[in-house]
Amino acid sequence: MSEQVIIEHHDVAAKFLDALRPSHLRWLPALESQHRWIFRGQGNADWGLVPAAWRDSVVEQAAFKLALADVDLPRQLTQELWRQGGDTADMPETLRRQRMHRVVAQRVFELTSVQAFAAFVDELGMPVPDGGQPNRYFWDYCGCATGASSCYFDEVHVPAAYALAQHHHVPTRLLDWTTNPLYAAYFAASHNAAQSSDRIAVWAVHRDAMLPVEWRRSATVSGQDALGTVPSGWRLLTYPRYQSAFMHAQSGVFTFYANAGHHYITNGKWPDMTSDDL
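Note that this is a predicted model, so its numbers are computed, not measured. (Residues numbered from 1 in each chain as written. Predicted model: local features only at pLDDT ≥ 70, side-chain atom pairs only at ≥ 80, totals over all residues. Heavy atoms only, no water.)

Regarding unusual backbone geometry
Glycine aside, the phi torsion of most residues is negative, and most peptide linkages are trans.
At step 1: Positive phi values are uncommon outside glycine, yet H169 reaches one of about 70°.
At step 2: By the secondary structure assignment, H169 is in the loop between α6 (160-167) and β2 (175-178).
At step 3: Accessibility expressed as a relative area gives 71% for H169, which makes it exposed. (Helix = DSSP H or I, 4+ residues; strand = E, 2+ residues; numbered from the N terminus. Buried < 20%, exposed > 50% of the residue type's maximum accessible area, 1.4 Å probe, protein only.)

So this is what it looks like as structure tokens:
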């Protein structure tokens, strides 16, 4: 558990809810009219803060196995990808290739899952944020999978369609949060019904602990972002609420980890907000 995490236990529901009042001084200091915290409710207090797409259960899904089997990652492509992500001088070539294989397969799995969801929503005649079209960077992930001579890893921008898909339980790299702590408490309690745990949890993170994504185009190389200059870590992501009635009703915001692929290749695991610094 990160040293930045403070844990407070409550055994009485009334005290638990009182601690989560939006007007509580913990969240809303005196003389301020709006707090700067985000909240996430979970039905099991033992769960970490890991996006659904990175959980162990995903690797058993047929779509993920298909993405993993279809990835073709030649040696020169592996070297080109890693050149943009860090130093592998001390990493065995076999391990480096294995982890890069997983990173590319993960991206293809997420992309194809969100695309399928967006196509279904469009068939129903309902709006899809950004038209459901991934930006050029995500198509480059597919290029990596098919053995393109060069590719570009975007670990920063997440299309708005991912947020809608996340809300409807499509596994993505996003974690969904709310700006209303009582909403988070409701989600925790409602998700606890199918769990064996006798403790729920509401996580709270201050907005200032994360950076917005405006810096993502602070440097370019041949017209593209120099991802090596982008700081790794958890970032706050918001979308216009008019794009989704669900996000508006739930006061929804999202977090994601910039340079998550680099983190996985370096550490052999995906980021968990409870153990990785913000």
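Now that the structure is up, let's keep going.
Re the layout of surface pockets
At step 1: Its volume calculated, the second largest pocket comes out at about 990 Å³.
At step 2: As for the second largest pocket, its lining consists of 36 residues, of which R40, R55, Q166, D176 and H191 are closest to the centre.
At step 3: At the level of secondary structure, the elements contributing two or more residues to the lining of the second largest pocket comprise β1 (37-42), α6, β2, α7 (181-191) and β7 (252-258).
At step 4: In terms of residue count, β1 provides more of the lining of the second largest pocket than any other element does, four residues in total.
At step 5: Class assignment for the residues of the lining of the second largest pocket results in 16 nonpolar, 14 polar and six charged. (1 Å grid on protein atoms, 1.4 Å probe; cavity = no way out; pocket = protein on both sides within 12 Å on 5 of 7 lines; lining within 4 Å. Points joined across faces, edges and corners; volume = space filled by probe spheres on them. Nonpolar A, V, L, I, M, F, W, Y, C, P; charged D, E, K, R; others polar.)

Details of the packing of aromatic side chains
At step 1: Counted according to the given criterion, the structure contains eight aromatic pairs.
At step 2: Each ring, one from W54 and one from W270, has its centre 4.9 Å from the other, and the planes form 10°; the classification is stacked. Highlighted residues: W54 in the loop between β1 and α2 (62-70) and W270 in the segment after α9 (260-267), separated in sequence by 216 residues.
At step 3: Between Y239 and F254, the ring centres sit 6.0 Å apart and the planes meet at 65°, which makes this aromatic pair edge-to-face. (Phe/Tyr/Trp six-rings, centres within 6.5 Å; stacked < 30°, edge-to-face > 60°.)

Side note on the pairing of β1
At step 1: The buried fraction of β1 amounts to five of the six residues, a majority that puts the element mostly inside the structure.
At step 2: Sheet analysis places β1 next to strand β3 (residues 201-206), joined by six bridges and oriented antiparallel. Bridging across to β3, W37 finds its partner in H206. (Pairing = 2+ DSSP bridges.)

A few points about the pattern of salt bridges
At step 1: Enumeration over the complete set of coordinates arrives at seven salt bridges.
At step 2: One salt bridge in this structure joins R199 and D11, with 3.2 Å as the shortest N-O distance. In this pair, R199 sits in the loop between α7 and β3 while D11 sits in the segment before α1 (13-19), placing the two residues 188 residues apart along the sequence.
At step 3: Classification of D11 by relative accessible area gives exposed; the value is 70%.
At step 4: Ionic pairing is found between D176 and R40, a salt bridge with its closest N-O pair at 2.7 Å. In this pair, D176 is assigned in strand β2 and R40 in strand β1, connecting sequence segments 136 residues apart. (Salt bridge = Lys/Arg side-chain N within 4 Å of Asp/Glu carboxyl O.)

Some thoughts on the side chain of T172
At step 1: By the secondary structure assignment, T172 is in the loop between α6 and β2.
At step 2: A relative accessible area of 0% means that T172 is categorised as buried.
At step 3: Once you skip the residues sitting within four places of it in the chain, T172 turns out to touch P51, A52, A53, E110, V114, Y162, A165 and Q166. (Contact = heavy atoms within 4.5 Å.)

What to know about α6
At step 1: Among the eight residues of α6, seven are classified as buried, and the element is accordingly described as predominantly covered.
At step 2: For α6, every residue scored as buried is listed here: A160, A161, Y162, A163, L164, A165 and Q166.
At step 3: Just downstream of α6, H169 is the residue with a positive phi angle, here 70°.

Let's talk about the confidence of the model for the protein chain
At step 1: In the predicted model, the protein chain carries a mean pLDDT of 77, and the fraction of residues at 70 or more is 72%.
At step 2: Of the regions scoring below 50 in pLDDT, residues 135-153 engages in 54 contacts with residues more than four places distant in sequence or in other chains. (pLDDT = per-residue confidence, 0-100.)

Remarks on the packing of α2 against helix α4 (residues 93-123)
At step 1: It is at 8 Å that the axes of α2 and α4 come closest, and there the two elements cross at 130°. Overall, the two elements α2 and α4 adopt an arrangement that is oblique. Helix-helix and strand crossings are classified by hand; for α2 and α4 the assignment is right-handed. For the pair formed by α2 and α4, the contact residues are A63, F64, A67 and L68 on the first element and H101, R102, A105, Q106, V108 and F109 on the second.
At step 2: Looking at the contact of α2 with α4, its residues break down into seven nonpolar, two polar and one charged. (Axes fitted to C-alpha atoms, helices over the stretch in contact; angles between N-to-C directions. Parallel < 35°, antiparallel > 145°, perpendicular 65-115°, else oblique. Left-handed = near helix turned anticlockwise from the far one by under 90°.)

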